[in-house]
Amino acid sequence: DRIAGDQGTCNASALNNMANVNTLRDDPMEASRLFEDALECDPDNCVAHVGLGNLFYGPLENRELALQHYRRAVSLCPNHPTILQLAREIEELSW
């Protein structure tokens, strides 16, 4: 069930897009599965880490895992504007 690219490899971007659609459809379990699949394709994928962080912080209610994914995204993409804002928000969160 992987989204294949031209060379038979999985496509993290397509999986992230599908995960976002499932998030909008209020299916956090399927969205998290797809984000996890994206990370299997590309363990350093900032989008998937942020997506999982959002799901765990929100509907999946696991603040510890949310923080782990948010911190990983910040470490991977520290200069991305969205990630910079996320880094500021992480510091303000009261766990």
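It should be noted that the structure appears before, not after, this text.
Residues numbered from 1 in each chain as written. Predicted model: local features only at pLDDT ≥ 70, side-chain atom pairs only at ≥ 80, totals over all residues. Heavy atoms only, no water.

Chemist: Hey, could you go over the state of the cysteines for me, with residue numbers and the actual values?
Modeler: All chains considered together, the criterion is met by 2 disulfides. At a sulfur-sulfur separation of 1.8 Å, the disulfide partner of Cys10 is Cys41. Taken as a pair, Cys10 in the segment before helix 1 (12-24) and Cys41 in helix 2 (residues 28-41) lie far apart in primary sequence, 31 residues in all. According to the relative accessible area criterion, Cys10 is partly exposed, its value standing at 22%. Paired through a disulfide, Cys46 and Cys77 show a sulfur-sulfur distance of 1.7 Å. The disulfide joining Cys46 to Cys77 has a torsion of about 85° about its S-S bond and is therefore right-handed. Here Cys46 is found in helix 3 (residues 46-57), whereas its partner Cys77 is found in the loop between helix 4 (63-76) and helix 5 (81-92), with 31 residues between them in sequence. A residue is classified by how much of its surface remains accessible, and Cys46, at 11% relative accessible area, is buried. We classify Cys77 as partly exposed; its relative accessible area is 21%. Here the cysteine-cysteine linkages of the protein are recorded as 1-2, 3-4, numbering only bonded cysteines and doing so in sequence order. (Disulfide = S-S within 2.5 Å. Helix = DSSP H or I, 4+ residues; strand = E, 2+ residues; numbered from the N terminus. Buried < 20%, exposed > 50% of the residue type's maximum accessible area, 1.4 Å probe, protein only.)

Chemist: Tell me about helix 2, residues and numbers included.
Modeler: Compared with the 20 Å implied by 1.5 Å per residue over 14 residues, the 20 Å span of helix 2 between its first and last C-alpha is a close match. Regarding helix 2, the residues found buried are Pro28, Ala31, Ser32, Leu34, Phe35, Asp37, Ala38 and Leu39. (Expected span 1.5 Å × (residues − 1).)

Chemist: Which residues make up the pattern of salt bridges, and what values do they have?
Modeler: Under the criterion given, the structure shown has 3 salt bridges. With a closest N to O distance of 2.6 Å, Arg33 and Glu30 form a salt bridge. Here Arg33 and its partner Glu30 are both found in helix 2, 3 residues apart, which amounts to about one turn of the helix. Judged by its relative accessible area of 35%, Arg33 is partly exposed. Judged by relative accessible area, Glu30 falls into the partly exposed class, the value being 25%. Between Arg33 and Asp37 there is a salt bridge; the shortest N-O distance is 2.9 Å. With a gap of 4 residues between them, Arg33 and Asp37 both fall in helix 2, about one helical turn apart. Residue Asp37 is classed as buried on the basis of its relative accessible area of 14%. A single network of salt bridges, built from pairs that share partners, joins Glu30, Arg33 and Asp37. (Salt bridge = Lys/Arg side-chain N within 4 Å of Asp/Glu carboxyl O.)

Interpretation in functional terms is not warranted from these geometric data alone.
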